[in-house]
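This is what each chain is made of:
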Amino acid sequence: MEKLILPDIPHLRHIDVYEMRGGYQALKKALGMKPDDVIEEVKKSNLRGRGGACFPTGLKWSFMPKQTTKPKYLCANGDESEPGTFKDRAIFEFNPHLFIEGAIIAAYAMGVKTIYTYVRGEYAKWITLLQKAVDDAYAKNYLGENILGSSFSIELYSHKGAGAYICGEESALMNSLEGDRGYPRVKPPFPAQNGLWGCPTTINNIETLANVPIIINKGWEWYSQIGAPKHPGTLLYGISGHVNKPGIYELPTGVLLTDLIYKYAGGVLGNKKIKAVIPGGSSTMWLRGDEIDGVKMDAESLKAAGTAIGTGGVIVMDEDTDILKILTRITHFYHHESCGQCTPCREGCGWMEKILNRFLEGEGTMEDVDLLLDVANNIEGNTICALGDAAAWPVQSFIKKFRDEFERRAKKTPSMKKPVKPPHLVTLEV
Amino acid sequence: MLSEQNLKKLEELKKRYPTTKALLLPVLWMAQEQFGWISLDTMKYVADLLNLPFHHVYGVVTFYTMFNSKPIGKYHIQVCTNVSCMLRGAENIRDHICRRLNVGINETTPDRTFTVTEVECLGSCGTAPMVQVNNDEYYDNLNLEKVNKLLEDWSKK
Ligand SMILES: Cc1cc2nc3c(=O)[nH]c(=O)nc-3n(C[C@H](O)[C@H](O)[C@H](O)COP(=O)(O)O)c2cc1C
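Residues numbered from 1 in each chain as written. Chains lettered and ligands numbered in written order. Predicted model: local features only at pLDDT ≥ 70, side-chain atom pairs only at ≥ 80, totals over all residues. Heavy atoms only, no water.

Colleague: Outline the pairing of strand S3 (residues 114-119) of chain B, listing residues and values.
Modeller: Residues and elements named next belong to chain B. Within S3, 5 of the 6 residues are buried, which leaves the element mostly enclosed by the surrounding structure. As judged from the 6 bridges shared by strand S1 (residues 75-80) and S3, these two strands associate in the parallel manner. Directly across from His76, in S3, lies its bridge partner Thr115. (Buried < 20%, exposed > 50% of the residue type's maximum accessible area, 1.4 Å probe, protein only. Helix = DSSP H or I, 4+ residues; strand = E, 2+ residues; numbered from the N terminus. Pairing = 2+ DSSP bridges.)

Spelled out as structure tokens, the structure:
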């Protein structure tokens, strides 16, 4: 399969090379189409968001109001902070113009005049690389006033984050851009109605937008036949942990997880067995090593396997891994990154971390496992944004699949401490 | 006070956003780059500059982990210890750095050359373990030998 997003072309990040390879032809083609036809093309291609939620991109664009006196905005989401995820960074480094071209086409389709690219602050180096590409695109009038002689004008600005995972959540991202703390907003209203500064806004992931020129160039029929029918295209799978060749592999959706690990990433370090795999970034549910045979890497297949494609960040753990410690580290992450607005997430994540730490210290009991599950269940679905769910899912799936880990580690002699009951189970006698 | 150059940059940036509040993160970045950290006085100055309440600026500075509200060393070593790095021995790297520099996490060496902090995933999972220095350069695929070399180089400079 030919690589579409990150083809092996030296110096592709330079605008001359990009143009020589057919770059910005899709934009020229799109400018000759009606904006609605561009949206229709993307809709029919079945492109789905690469930011984690797999939402159909064309459909999302169609939510933007046509008749409005307000300015419309597009936010390109380059916050990329989900542990195990490092793909958007590769686009900034190796093929930034593909993303820029996609963003301009998206803006044209939705009648957007201003694009903000929000990039996590730690990516200082990649912000510079992106800025160079943006400057070059301005110089050639792909951006700016009346692009390529059309009546369409478009600005693209980079906005640097400052270290907060939550700012990748679309409504927190908008608050952060507005100069506030990154607090997610209650939905509805949805961004297409009430987004940046109360104006219609669409938020798309960097990789999502990078797919757009390919769809416009080759047509939806061609694109929709790549990979899994309901989730077509290629993905930039990031594979890390205990494999011989960690890195980014661009492959069609629906590739076998075992092929990704053994055929592409060179197998497990030291030829060890696999104990666990996290298939799509730290928020997704864990798979046991003995469950991965036959599992395909696309939205529907992973859902059927009880987990999710997420960001396509695969984390492999070998048989000698202290997986309880890994789960504790992940839970610590969510505790640290919780913005603190919603009580279940703010308190629950810390509570889960404390319970897990009890196990690492040899003080945990099997009642603690029930308590842990109860706390996780009470976070899930009870928060403004999905960070709470993202914290609960790894814990819930771990308890389901690796209960034996807790049993092995649980304190053998009964604790002198009274078991702590979750507060909502206490019945009040009146 | 922001430098002449930064104030000029600020005027340019104003054209990009419909409100001045949206300039807060860009201005805080300029201030941190200029002063190395963001003091209460700097926060007051930024609040006046953008016509924002002081408490708003304070709330924003303290929300984002990359803004230093305390002075830091010349080399701010940020060690990622999240999953992918942890699986590749990040804890050893962290402990080794702390031992060599004789500091704890979130501490600065007495000569103010090094500050060591532990950070969340920096998106370098394919080249783990790694550290970032001064919110800028990434050092990937680390082992103890490479860390020793880096620390020696920085100590000399
Ligand atoms: C806690 C949290 C963090 C997120 N971080 C990111 C991120 O770093 N990058 C991203 O593209 N989407 C992230 N998302 C998803 C966004 O909210 C949004 O769905 C996505 O940017 C939409 O783009 P897409 O439709 O192109 O996927 C995050 C969501 C949550 C709940």
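Colleague: Requested: an account of the sheet that holds strand S10 (residues 274-278) of chain A, with residues and values cited.
Modeller: Read from one edge to the other, the open sheet built from 5 strands follows the order S8-S7-S13-S10-S11 (chain A), with strand pairing classed as mixed. Taken across any chain shown, the strands that pair with only one partner, and hence form the sheet edges, are strand S8 (247-252) and strand S11 (287-288) of chain A.

Colleague: Which residues make up the interface of chain B and chain A, and what values do they have?
Modeller: Contact with chain B, which involves 41 residues of that partner, is made by 56 residues of chain A. Taken over both partners, the interface formed by chain B and chain A buries close to 3800 Å², and the fraction arising from carbon and sulfur atoms is 58%. Counting every contact that joins chain B to chain A gives 24 residue pairs in polar contact (both at pLDDT 80 or more). Put simply, the parts of the chain that give the side of chain B that touches chain A at least two residues each are helix H2 (24-35), helix H4 (54-63) and helix H5 (83-86) of chain B. At 5 residues, H2 of chain B tops the list of elements feeding residues into the side of chain B that touches chain A. (Contact = heavy atoms within 4.5 Å. Buried area = accessible area lost by both parts, 1.4 Å probe. Polar contact = N/O pair within 3.5 Å; in protein donor to acceptor, adjacent residues only side chain to side chain.)

Colleague: An account of helix H6 (residues 96-110) of chain A is needed here, citing residue identities and associated values.
Modeller: Residue and element names in this part refer to chain A. The terminal C-alpha atoms of H6, which comprises 15 residues, lie 21 Å apart, in line with the 21 Å expected from a rise of 1.5 Å per residue. Here H6 lies mainly inside the structure; 15 of its 15 residues are buried. Phi turns positive one or two residues past the end of H6, at Gly111, with a value near 70 degrees. (Expected span 1.5 Å × (residues − 1).)

Colleague: Summarise the packing of helix H15 (residues 366-379) of chain A against helix H16 (residues 387-401) of chain A; cite the residues concerned and give the values.
Modeller: Residue and element names in this part refer to chain A. The geometry of H15 relative to H16 is characterised by a closest axis approach of 8 Å and an angle of 150 degrees between their N-to-C directions. H15 and H16 meet at a crossing whose hand is left-handed. Facing H15, whose interface residues are Val369, Leu372, Leu373, Ala376, Asn377 and Ile379, H16 presents Gly388, Asp389, Ala392, Val395, Gln396 and Ile399. Counted by class, the contact of H15 with H16 contains 8 nonpolar, 3 polar and 1 charged residues. (Axes fitted to C-alpha atoms, helices over the stretch in contact; angles between N-to-C directions. Left-handed = near helix turned anticlockwise from the far one by under 90°. Nonpolar A, V, L, I, M, F, W, Y, C, P; charged D, E, K, R; others polar.)

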